[in-house]
Amino acid sequence: MTNNFLRYKSLPFRVLLGLLTLSFFSLQSSDAQSAAISIDGVFNDWISSLAIAQDPKESVSGIDILNLSVTNDREYIFIRIEADSEFDFSDDIVDHNIQLFIDTDNDVSTGSNRFSGLGADLVMDFSNKRVSFYNPNVTSISLNDISIRVAPTVTSKSFEFAIPRDVLPDGRNRLFTSSSVRFILANLDNNDRVPNNGSLVYNFDETRIQGYEVVDIQKQNTELVRIVAYNTLYNGLTVQARIPHYEKILKALNPDIIGYSECWDVEASQVKVLMDEWLPLNTNDGWYVEKQSDRGLITASRWEILDRWTNVPKQFPVLINLPQEYASDLLFTNAHLNCCGNESGRQDQADAYSSFITDAKTEGGDIDLPKNTPFVYAGDLNLVGFSQQLTTLISGDIQNTSTYGPPSMPDWDGTEVTDLISLHTDERFSFTWKDESSSFPPGKLDFMIYSDAVLSVDKSFILRTEEMSTARLALYGLDKNNTESASDHFPVTADFIVTKTVNSLENQLKSDIQISPNPASDQLKITFSSNGTRFVELMDNQGRVFKSSKYTGQELVLNTNELSPGIYFIRIQDKSNQVQMQKVIKH
């Protein structure tokens, strides 16, 4: 060390400064920090201390790349990319040529040498859904061949994805063979890149982190309303080889309401026979089942279906007669929007549903709902293109106003409804569709969107039996291959808390509890009208609890400055186990 120091000390100052400058800009090295990242398109688990290479906003034509972030756990390397404008991760509906160059063995002499000083063993060409793997000869494979998990599936300014650390891209050779990995993210259309010079060096952190808390798929109590959305892959409920798999899945999920799609040639009567056999209700009528032939939509309910509407294209709203202990019926819409590249079709269908909900909340037209009637919208929405379609469904931002009327916030309280972000029961992923034969990576195609002004979620999950342990499969009467043998989609399940006093909920919250400011920035103050022991939780729309407190006073202050912007819920349970929920917005 002393000899090296003396050697550098003897150099002229300007030469030494040049060497140091070159070294700094050639490698942007970051101390690794392992983290538990959920691939759900939410990004609130990407904390600021994680490794990141940043590129200031520039005046370039096309997509301007801004940030590249990396972290890992014991099984995956997680990568996040950010840009100045929206693009599609695995398609070309927005022109770009963004590629990620990864030196997986930290050896400049191997792999692609497109960039000086980097030997990229893996080159990911996102818009073409292709990957080049060098070991040593180049092998062209698909994104699926590296078992990538990515979110979101619609256009976005930011994407996150996971790659297994033990993946064998060519079926023989490991991808990651070094404890250090180097990255360059580049848009080859405009030569923008991050980092601007050199590469981001990431050293794997082997620190163990808290494992994923698996989800108990059983419903916690009978007062919850369980809704399931399930694409059955082209008449799956009548395919003899697949029926036993559906039976085990449905018995394990035990839904109250289920929306099936792709039941093209399946009759409602056939589904009723299956439901009555698999989940007998021991009532005179058994399951209530209705079909809307457009898009092969079948809805089954434990409770009577009072009304149905068939004039909303590719969508099937029905009014369900909830039991008397609930203060209202429930509007459930089963949906299967146009597939693939039909962007205009999906947008038209999103506009039509938003117009339908506006009609439902106002007097006259095709439908009139009592104020604060809960509504849930679920199904295979095929959202693989522009994010505007999802934005319309959540915010009522109708695009074709000449046909469907002006935009209108869809929820009863004049705000957006909630896109429920669900994860797998046994892994931190949100994809609901997977097809190994496709060039597209697994993605979230199946959604559940709900009126959070009058509904809250106890828990939600995506069932994929292939990820579950033998013990957990046995617990629920499932087999390892059930979900992938049944369909290429995985069922999405949510347990909704439907208040027993829907129409008085707003007044009850106003009189008993004050929450301010809302929207909030740094803190929330909760004021109670009287003393009493209460359990207070602050959670997101997945039910993940960020803060909890047992409180006996009349004023509670919650610090919110570390929360990411978005929609959250305050859940308050009193000593008599009565639960109240209120939505809060964090700016």
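Since we're looking at a predicted model, the values are computed, not measured.

> Honestly, the overall build of the chain in this entry has me stumped. Any pointers?
Along the chain, the regular secondary structure elements total 10 helices and 32 strands. For the chain, whose C-alpha radius of gyration is 26 Å, the value lies close to the compact-globule estimate of 25 Å for 587 residues. Counting only C-alpha atoms, the chain reaches 90 × 60 × 55 Å along its principal axes. Relative to its 587 residues, the chain shows a buried fraction of 55%. Considering only contacts in the chain between residues 6 or more positions apart, those separated by 24 or more positions represent 64%. For the chain, the accessible surface area stands at approximately 24,900 Å², while carbon and sulfur atoms represent 48% of it. Placing the 49 positive and 79 negative side-chain charges of the chain at their respective mean positions leaves the two points 6 Å apart.

> Mind showing me how you'd approach the nonpolar core here?
One recurring pattern in soluble globular proteins is that nonpolar side chains are buried together. Ranked by internal contacts, the top residues of the largest apolar core, which has 71 residues, are Ile227, Leu331, Phe332, Leu381, Met448 and Phe496. Core analysis: the second largest hydrophobic core is formed by 39 residues, Phe126, Ile141, Phe159 and Tyr202 among them.

> Whenever I open this one, helix 6 (residues 388–395) confuses me. Can you help?
Side chains of residues three or four places apart in an α-helix project in the same direction, reflecting 3.6 residues per turn. Counting buried positions along helix 6 yields 6 of 8 residues, so the element is predominantly enclosed. Within two residues after helix 6, glycine 396 carries a phi angle of roughly 75 degrees, on the positive side.

> Sorry if this is basic, but what is going on with the pairing of strand 23 (residues 446–450) here?
Regular strands show a simple pattern: their side chains alternate between the two faces of the sheet. Burial analysis of strand 23 places 5 of its 5 residues in the buried class, the great majority of the element. Burial along strand 23 is two-sided: Asp446, Met448 and Tyr450 and Phe447 and Ile449, pointing in opposite directions, are all buried. Here strand 21 (residues 375–380) runs beside strand 23; their pairing, made up of 5 bridges, is antiparallel. Bridged to aspartate 380 within strand 23 is aspartate 446. Of the pairings in the sheet, the one linking strand 22 (residues 418–419) to strand 23 comprises 2 bridges and is antiparallel in character. What sits directly across from aspartate 419, in strand 23, is isoleucine 449.

Calculation rules
- Residues numbered from 1 in each chain as written.
- Predicted model: local features only at pLDDT ≥ 70, side-chain atom pairs only at ≥ 80, totals over all residues.
- Heavy atoms only, no water.
- Helix = DSSP H or I, 4+ residues; strand = E, 2+ residues; numbered from the N terminus.
- Rg over C-alpha atoms; globule rule 2.2 N^0.38 Å.
- Buried < 20%, exposed > 50% of the residue type's maximum accessible area, 1.4 Å probe, protein only.
- Contact = heavy atoms within 4.5 Å.
- Areas by Shrake-Rupley, 256 points an atom, 1.4 Å probe, with all protein chains shown as cover.
- Lys, Arg positive; Asp, Glu negative; His and termini not counted.
- Charge placed at Lys NZ, Arg CZ, Asp CG, Glu CD.
- Core = buried A, V, L, I, M, F, W, Y, C linked by side-chain atoms within 4.5 Å.
- Pairing = 2+ DSSP bridges.

The analysis is restricted to geometry; functional conclusions fall outside its scope.
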